[in-house]
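Single-letter residue listing:
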Amino acid sequence: MFETFREDLRAIQRNDPAAKSVLESVLCHTPLHAITLYRIAHWLHTRARLPLVPRLISVLAHFLTGVEIHPAAKIGRRFFIDHGTGVVIGETSEIGDDCVLFHNVTLGGTGKHRGKRHPTLGDNVLVGTGAILLGPVRVGSNSRIGANSFLRMHDVPPNSTVIGIPARLVKRDGARVDLALEPTELPATAIPVPDAAERGDTARARTGGGPE
Ligand SMILES: CC(C)(COP(=O)(O)OP(=O)(O)OC[C@H]1O[C@@H](n2cnc3c(N)ncnc32)[C@H](O)[C@@H]1OP(=O)(O)O)[C@@H](O)C(=O)NCCC(=O)NCCS
């Protein structure tokens with residue numbers, strides 16, 4: 001756990017030009033506080049199997065830092081969040097090693113699936129501020145999601161840059177392109193929720209379901 005903390009700390013020195021010293025990062029970098037509390041909550045969630053305590057830690061982290069990470073989310077090493085406020089990482093999200101998220105990023109569900117319903121990011125993925133990723137989408141390693149992009153149920157290949165609403169592929173392996181993204185193939189663990197109208201759930205039918 002301590003080694004993981006040191007790696008998260010080093011990720012700040014690597015990614016944040018405003019980080020002046022290790023001590024300053026430990027004391028003042030609120031996303032580091034959020035990530036550290038998440039790592040404790042995740043440890044309790046997976047190993048100690050205490051259902052309520054990890055959720056309470058996650059609520060405390062959200063209250064203190066503005067970053068909401070579900071304790072069940074899987075996050076790799078050397079994770080860096082810049083600024084932090086407004087970041088939401090849902091329960092079944094998976095994030096590889098060396099990923100970078102800016103403030104106001106949402107890794108959410110569409111409201112149309114149960115089970116695996118949140119995004120999976122490969123290694124070394126950057127997600128710009130305000131980007132919204134919905135559903136069990138896959139983002140390949142070394143890819144970048146531009147600030148304020150909107151990606152819903154479409155996958156991003158590795159070594160790519162996507163931007164816009166809806167997100168389009170503008171770079172692949174260093175070369176400029178302008179391509180639509182491939183729709184996400186549902187993993188076996190993503191279970192579609194019956195259509196809201198079928199269930200007689202009129203409020204959800206009107207809104208088309210929302211991120212959860
Ligand atoms: C997407 C991003 C990572 C750059 O990736 P890149 O692979 O280096 O892409 P490029 O900079 O070569 O840009 C490719 C094209 O996309 C455009 N573009 C880049 N980011 C964009 C965005 N968020 N929205 C719209 N267009 C964007 C560029 O203008 C460029 O088009 P042009 O050549 O016609 O001008 C970067 O622009 C970005 O959005 N970073 C997020 C940073 C952030 O959130 N900072 C917050 C600090 S508080």
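For the structure, see preceding data.
Residues numbered from 1 in each chain as written. Predicted model: local features only at pLDDT ≥ 70, side-chain atom pairs only at ≥ 80, totals over all residues.

S.K.: In this structure, what is going on with the site of the ligand? I would like to understand it.
M.R.: Around the ligand sit 13 residues in total, of which Gly128, Thr129, Gly146, Ala147 and Thr161 are the nearest. For the shell around the ligand, the secondary-structure elements that each account for two or more residues are β16 (160–163) and β17 (168–172). When its residues are assigned to classes, the shell around the ligand shows five nonpolar, six polar and two charged. (Near = placed C-beta within 6 Å. Helix = DSSP H or I, 4+ residues; strand = E, 2+ residues; numbered from the N terminus. Nonpolar A, V, L, I, M, F, W, Y, C, P; charged D, E, K, R; others polar.)

S.K.: Just checking my understanding: could you explain the sheet that holds strand β12 (residues 138–139) for this structure?
M.R.: Paired through backbone hydrogen bonds, the strands of a sheet run either parallel or antiparallel to each other. Spatially, four strands are ordered β2-β5-β9-β12 in an open sheet, and the strand pairing comes out parallel. Two strands in the sheet have a free side with no partner beyond their single neighbour: β2 (74–75) and β12. Here two bridges tie β2 to strand β5 (residues 94–95), and the two strands are oriented parallel to one another. Among the inter-strand pairings, isoleucine 75 is bridged to a residue of β5, identified as isoleucine 95. (Pairing = 2+ DSSP bridges.)

S.K.: Is there a simple way to think about the environment of glycine 135 in this case?
M.R.: Looking at where glycine 135 falls in the secondary structure, it is placed in the loop between β11 (132–134) and β12. For glycine 135, a count of 25 C-beta atoms within 10 Å translates into the label buried. Taking the C-alpha atoms as reference points, glycine 135 and valine 105, 30 residues apart in sequence, are found 14 Å from one another. In this view, glycine 135 contacts Gly109, Thr110, His113, Arg117, Arg152, Met153 and Thr184; residues no more than four positions away in its chain are not counted. (Buried ≥ 20, exposed ≤ 12 C-beta atoms within 10 Å, placed from the backbone. Contact = placed C-beta atoms within 7 Å.)

S.K.: Even after reading the chapter, I still don't get helix α1 (residues 2–15), so can you show me in this structure?
M.R.: One turn of the α-helix equals 3.6 residues, which is why residues spaced by three or four share an orientation. With 14 residues, α1 should cover 20 Å at 1.5 Å per step; its first-to-last C-alpha distance of 20 Å lies within 8% of that length. Turning to α1, its buried residues are Asp8, Ala11 and Ile12. The buried residues of α1 occupy an angular sector of 105° when the element is viewed end-on, so they sit on one face. Structural note: α1 exposes Phe2, Glu3, Arg6 and Arg14 on the side pointing more than 90 degrees away from its buried face. The elements touched by buried residues of α1 are α2 (22–28), α3 (30–48) and β3 (80–81). (Expected span 1.5 Å × (residues − 1). Arc of directions from axis to C-beta.)

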